[in-house]
Amino acid sequence: MAAAGEAVTLQLGHYAGCVGAHWWGLQAAALRSPAEAAELRAAALLRTERAAGGRETQTPRLVALELKGGVGALRPGGAAPEAPVAWDGAVAAYLEGGSAGGSAPRDGGHRTDDASSARKGGSGTAAQGTSPAPSRLAVSQEVHPGSSVRVWSDYLNVRLHPKSVYVIHQYMHDGDCGCLEAFGQGESLLQDPGCIEELEDRLHFYVEECDYLQGFQVLCDLHNGFSGVGAKVTELLYDEYSGKGILTWGLTPVTSNEGDFQKNFYRLMNTALGIVHLSSHSSLFCPLSLSGSLGIKPQPPVTFPYINYDASLNYHSSAILAAALDTLTAPYRLSSSRGSMMHLAETLNFSGRKVVAAWASVPFPALRGCSLPDTLCAYQRDVPWKLLSSCREQKVSCCFAQSVVLRGICKGSPISSRPGKPPASPLHACESSEQMLQRYLHTAFPGAFSTSHVLEQPCDTLPPYPQFFSPLLTRQGFLLDKPPSYSSAAAVESIPVLAALQSSPVLRTLLCSLHRDLQKLNVRRWASFFSAGVEEGDFQEALEELRTLSQCYETGFEADGSEDEADSD
């Protein structure tokens, strides 16, 4: 069966780089598994090249835009500071956390700029171990003992091609001034002929290498001026590569801006303008964040029952989003299917619903040794996942369409082995794990159009992925039926993950709350934001588009409770 083709990835902004660094680490870890067991095609995201000595290596098909001071040890061209060294077996860096559940490497300023200053993570030490099989992905960096995590390249463990990283020198990554703060600043950058030429040159390099380009994955900071960069980048892709898929992920770190109204205002404006413009030129747009709200009032971050993470550490929060992203994008990376990015988008974006919500269970709570039907039966009343799109969860299970992936679960025969006895449930009567998940979704979301995939290939979580997992997890990420009687320092090597993209009425909550927050504000007080390049008339037009977009997610039952919903936000 012919493969669906290749994708080119763009990382726009520093938090996009944080998520991307972990995502490329997951690709490197997957390549250390036996090739015959791989259910996901490495070639969908990675390019093959010959290194010194004729050895084949694989590097990300990536264009990353970053600000001055944001790339750390990487050379401006994007390659590693040292050439990759040939070795017989792959080398992995293992971090030993100082507290239960593990921690990040010592943090030296890698926290969200305006997040809480409370420090929960401890320092880490590094030791070396071997992985089962050599990785074919060129490794350029390791997490060294006592290393200080400041930027995403500090835990990027793959080599990038010199065409990958484009540093924008007009703005600084960090500091009190000279930062890329406003949507209009980002738009202006991509109107500069030199900047456009650089971007197009890098895109053409990767596109021309592809046997069949299926589309682009755009990881874009939504909370700062990179939302304006993303608006122009997706417009360029839409115009130049007609008919190709454009899947855009609007990324926001967990922020705590209480008391800083200007930062909250800028974040709100960038987010709203970003959603409108990015969704208009994308096949599908998904806001992705562990923040409890994208609105003017901060809300507590998303929590996970079996992960003890520090929400103020980008290193932590981006790792969780990367695991979700790696699972959500599986449908167009399967070895056994010709499903494409456009096919995924078209199953979800009908009736103008180009914005989707992401849900994930990281890890999926499956007891060790428990069958899939027994596991799913335990969650028939409530799917055990969390909303990753910063809108208030609805109690009623309802969506228009969804794409669901369950990975890391054995596909052994689900049919009851008890001869002469009826199946314990309709799920136990299914002939395959795919049928079982489909039946489960049909029961949980009656009337929704659901596509689903079940993969045995788990999400690999060896370092530099943070070891912030509960001691109740085995090394394969399954739940123990009781806490271990001994203290184990063994790393969680992989986890099962359940994730979904949904076209859902919950998006109306998000879009309406943003629209409401903006209507309440006196935007004329913030001339500095508009002086960066956004006309007030264009803003009012975007505000109307946001309201129109929210109406696409109405079900006809919102009218009576709309005022109560507004008051409770």
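Our subject is the structure that appears above.
Conventions we followed
Residues numbered from 1 in each chain as written. Predicted model: local features only at pLDDT ≥ 70, side-chain atom pairs only at ≥ 80, totals over all residues. Heavy atoms only, no water. Helix = DSSP H or I, 4+ residues; strand = E, 2+ residues; numbered from the N terminus. Contact = heavy atoms within 4.5 Å. Areas by Shrake-Rupley, 256 points an atom, 1.4 Å probe, with all protein chains shown as cover. Buried < 20%, exposed > 50% of the residue type's maximum accessible area, 1.4 Å probe, protein only. Polar contact = N/O pair within 3.5 Å; in protein donor to acceptor, adjacent residues only side chain to side chain. Salt bridge = Lys/Arg side-chain N within 4 Å of Asp/Glu carboxyl O. Core = buried A, V, L, I, M, F, W, Y, C linked by side-chain atoms within 4.5 Å. Expected span 1.5 Å × (residues − 1). Axes fitted to C-alpha atoms, helices over the stretch in contact; angles between N-to-C directions. Parallel < 35°, antiparallel > 145°, perpendicular 65-115°, else oblique. Left-handed = near helix turned anticlockwise from the far one by under 90°. Nonpolar A, V, L, I, M, F, W, Y, C, P; charged D, E, K, R; others polar. Disulfide = S-S within 2.5 Å. Patch = residues over 30% accessible without salt bridge, like charges linked within 9 Å, V, L, I, M, F, W, Y side chains within 5 Å. Lys, Arg positive; Asp, Glu negative; His and termini not counted. Charge placed at Lys NZ, Arg CZ, Asp CG, Glu CD. Pairing = 2+ DSSP bridges.

Asker: Before we move on, can you summarise the overall build of the protein chain with the specific residues and values?
Answerer: When helices and strands are counted, the protein chain shows 13 helices and 17 strands. Once local pairs closer than 6 in sequence are excluded, the contacts in the protein chain between residues at least 24 apart make up 81%. When the accessible surface of the protein chain is totalled, it reaches about 23,200 Å², and 50% of it is carbon and sulfur.

Asker: Talk me through the side chain of T327; I want residue IDs and the actual numbers.
Answerer: As for its placement among the helices and strands, T327 is situated in helix 6 (residues 314-328). Note on T327: relative accessible area 0%, which makes it buried. At 2.9 Å, the side chain of T327 forms a polar contact with the backbone oxygen of A323. Here the side chain of T327 touches R407 through a polar contact of 3.3 Å, side chain to side chain.

Asker: Explain the pattern of salt bridges to me, using residue names and the numbers behind them.
Answerer: Summed over the entire model, instances satisfying the criterion amount to 11 salt bridges. A salt bridge links K232 to E235; the nearest nitrogen and oxygen atoms lie 3.5 Å apart. Highlighted residues: K232 and E235, both in helix 4 (residues 226-240), separated by 3 residues, approximately one helical turn. Salt-bridge contacts for D326 lead to R333; the nearest nitrogen and oxygen are separated by 2.8 Å. The exposure class assigned to R333 is buried, which follows from its relative accessible area of 1%. Each of R47, E49, R159 and E209 takes part in a single network of salt bridges with overlapping partners.

Asker: Give me the lowdown on the nonpolar core, citing residues and values where you can.
Answerer: The biggest cluster of nonpolar side chains holds 93 residues, and the ones touching the most others in it are L10, L203 and L237. In terms of residue count, helix 5 (residues 261-280) provides more of this core than any other element does, 9 residues in total. If we ignore the near neighbours within four places in the chain, the residues touching L237 are L10, L203, F216, V218, S242 and I246.

Asker: Tell me about helix 1 (residues 14-31), and please be specific about residues and values.
Answerer: Between the first and last C-alpha of helix 1 there are 26 Å, a value that for 18 residues agrees with the 26 Å anticipated at 1.5 Å per step. For helix 1, a buried count of 17 out of 18 residues is recorded, marking the element as mostly surrounded by other parts of the structure.

Asker: Which residues make up the packing of helix 5 against helix 10 (residues 506-520), and what values do they have?
Answerer: The interhelical angle for the contact between helix 5 and helix 10, taken along N-to-C directions, is 130°, at an axis separation of 11 Å. As summarised for this structure, helix 5 and helix 10 are arranged oblique, according to the angle between their axes. Helix 5 and helix 10 meet at a crossing whose hand is left-handed. Only L511, L514, D517 and L518 of helix 10 make contact with helix 5, whose side of the interface consists of L268, M269, T271, A272 and I275. Its residues assigned to classes, the contact of helix 5 with helix 10 comprises 7 nonpolar, 1 polar and 1 charged.

Asker: Outline the state of the cysteines, supporting the account with residue identities and numerical values.
Answerer: The full count for this structure, using the stated rule, is 0 disulfides. Counting only cysteine sulfurs, C398 is the nearest neighbor of C399, a cysteine outside any disulfide, at a range of 6.8 Å. On the basis of relative accessible area, C399 is assigned to the buried category, the value being 8%.

Asker: I'd love a proper account of a negative patch on the surface, names of residues and values included.
Answerer: On the surface, a cluster of negative charge is made up of E535, D538, E541 and E545. Turning to its location among the elements, D538 is positioned in helix 12 (residues 536-551).

Asker: An account of the pairing of strand 8 (residues 213-221) is needed here, citing residue identities and associated values.
Answerer: Within strand 8, 9 of the 9 residues are buried, leaving the element largely enclosed by the surrounding structure. As paired strands, strand 1 (residues 6-12) and strand 8 are joined by 7 bridges and run parallel to one another. Counted as the bridge partner of Q11 is L219 from strand 8. As paired elements, strand 8 and strand 9 (residues 245-252) share 7 bridges and run parallel to each other. Pairing of C220 across the sheet is with G250, part of strand 9.

Asker: Before we move on, can you summarise the sheet that holds strand 1 with the specific residues and values?
Answerer: Here 6 strands make up an open sheet; going across it, the order is 7-4-1-8-9-10 and the pairing parallel. The open sheet terminates on both sides in strands that have one partner only, identified here as strand 7 (165-172) and strand 10 (284-289). Going across the sheet, the axis of each strand differs from the next one's by a mean of 15°, ignoring polarity. Across 5 bridges, strand 4 (residues 62-68) lies against strand 7 in parallel orientation. When the bridges of strand 7 are listed, K68 appears paired with M172. On the sheet, helix 3 (residues 193-209) packs against strand 1, strand 4, strand 7 and strand 8 and is oriented at approximately 150° with respect to strand 4.

Asker: Describe unusual backbone geometry, with residues and values.
Answerer: Note the cis peptide between V362 and P363, where omega equals -5°. For P363, the location among the structural elements is in the loop between strand 11 (357-361) and helix 8 (372-377). Of the consecutive residues P463 and P464, the connecting peptide bond is found in the cis state with omega at 15°. Mapping P464 onto the fold places it in the loop between strand 15 (459-460) and strand 16 (494-495). A positive phi angle, near 60°, is found at S351, a position not held by glycine. Structurally, S351 can be placed in the loop between helix 7 (341-346) and strand 11.

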